[in-house]
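Survey of secondary and tertiary structure
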Amino acid sequence: MDETKLAVIEASSLPMSIIIVGVGDTDFDEMDELDSDEQLLSFNDKTATRDIVQFVEFQKFLEEGQITHSSAINLAREVLAEVPRQILDYMKMKNVLPDRNN
């Protein structure tokens, strides 16, 4: 997990997002740690420049053990929820302004 944390911290300066979907009934505490919504991910005196990880636990979207149309929509919404902010954070970090001519 240490190598994963360092990789995420290094990747936080790149134009990317990492989406993790946890499947099964295992303990996902380490995935929640990567999805650093409360504070930026830190490890060995290194800190991510921005939050790039979205973790979603698949089991929470099952209805009576099944994926339904509405739960699939909710799952997709949750999986993609942070991506727009992550894009904006990257653009701000690189001082890229929107082209108002388009």
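Residues numbered from 1 in each chain as written. Predicted model: local features only at pLDDT ≥ 70, side-chain atom pairs only at ≥ 80, totals over all residues. Heavy atoms only, no water.

Observations concerning the overall build of the protein chain
Our working rule: For the purposes of this entry, the term helix denotes a DSSP run of H or I that reaches at least four residues, the term strand denotes a run of E that reaches at least two, and both are numbered from the N terminus. Whether two residues are in contact is decided by their heavy atoms, any of which lying within 4.5 Å being enough. Under the convention used here, a 1.4 Å probe and the Shrake-Rupley method define accessible areas, while residue burial counts only the protein chains that appear. In summary, the charge assignment counts Lys and Arg as positive and Asp and Glu as negative, without counting His or the chain termini. Think of each charge as sitting on NZ of Lys, CZ of Arg, CG of Asp or CD of Glu.
Helix and strand counts for the protein chain come out as 4 helices and 4 strands. For the protein chain, the N- to C-terminal ordering of α and β elements is α-β-α-β-β-β-α-α. In the protein chain, the share of contacts with a sequence separation of at least 24, taken over all contacts with a separation of at least 6, comes to 71%. Accessible surface computed for the protein chain: about 7,200 Å², of which carbon and sulfur atoms make up 52%. Computing the positive centroid from 9 side-chain charges and the negative centroid from 21, the protein chain places the two 11 Å apart.

With respect to empty space enclosed by the protein
Sizing a probe to match a water molecule and rolling it over the atoms shows the empty space that remains. Worth spelling out the cut-off: Cavities and pockets are found on a 1 Å grid laid over the protein atoms alone: a cavity is a set of points where a 1.4 Å probe fits but cannot escape, a pocket is an open set with protein on both sides within 12 Å along at least five of seven lines, and a lining residue has an atom within 4 Å of such a point. Grid points are joined across faces, edges and corners, and a volume is the space filled by probe spheres set on the points. Any residue that is not Ala, Val, Leu, Ile, Met, Phe, Trp, Tyr, Cys, Pro, Asp, Glu, Lys or Arg is counted as polar, Gly included; the first ten are nonpolar and the last four charged.
Summed over all chains, the structure comprises 1 cavity of 30 Å³ or more. Volume-wise, the largest cavity comes out at about 30 Å³. Among the residues forming the lining of the largest cavity, the class breakdown is 6 nonpolar, 1 polar and 2 charged.

Details of a negative patch on the surface
Spelled out, the test is: In this analysis, a patch consists of residues with relative accessible area above 30% that form no salt bridge, clustered at 9 Å for like charges and at 5 Å for the nonpolar side chains Val, Leu, Ile, Met, Phe, Trp and Tyr. Salt bridge, as applied in this entry: a Lys or Arg side-chain nitrogen positioned within 4 Å of an Asp or Glu carboxyl oxygen. A 1.4 Å probe rolled over the protein chains alone gives each residue an accessible area, and that area as a share of the maximum for its type sets the label: buried under 20%, exposed over 50%, partly exposed in between.
On the surface, a cluster of negative charge is made up of Asp27, Asp29, Glu30, Asp32, Asp37 and Glu38. By secondary structure assignment, the location of Glu38 is in the loop between helix H2 (29-34) and strand S2 (42-43). Classification of Glu38 as exposed rests on a relative accessible area of 79%.

Some thoughts on the side chain of Glu82
Within the secondary structure layout, Glu82 lies in the loop between helix H3 (69-80) and helix H4 (83-93). Every residue in contact with Glu82, bar those within four places of it in the chain, is listed here: Asp35, Asp37, Asp51, Val53 and Gln54.

A closer look at the nonpolar core
This is how it is decided: The definition of a nonpolar core used throughout is a set of buried Ala, Val, Leu, Ile, Met, Phe, Trp, Tyr and Cys residues joined through side-chain atoms within 4.5 Å.
The biggest cluster of nonpolar side chains holds 12 residues, and these are Val8, Ile9, Ala11, Ile20, Phe28, Leu34, Leu41, Phe43, Ala48, Ile52, Val53 and Phe55. Where this core is concerned, the elements lending two or more residues are helix H1 (2-11) and strand S4 (53-57). No other element matches the 3 residues that H1 contributes to this core. Residues within four places of Ala11 in sequence aside, it is in contact with Met16 and Ile52.

A look at the confidence of the model for the protein chain
Quick note on the threshold: Looking at any residue, its pLDDT shows the predictor's confidence there, from 0 to 100.
The predicted model of the protein chain averages 91 in pLDDT, with 99% of residues at 70 or higher. Within the protein chain, H2 has the poorest average pLDDT of any element, 88, and strand S3 (residues 46-47) the best, 95.

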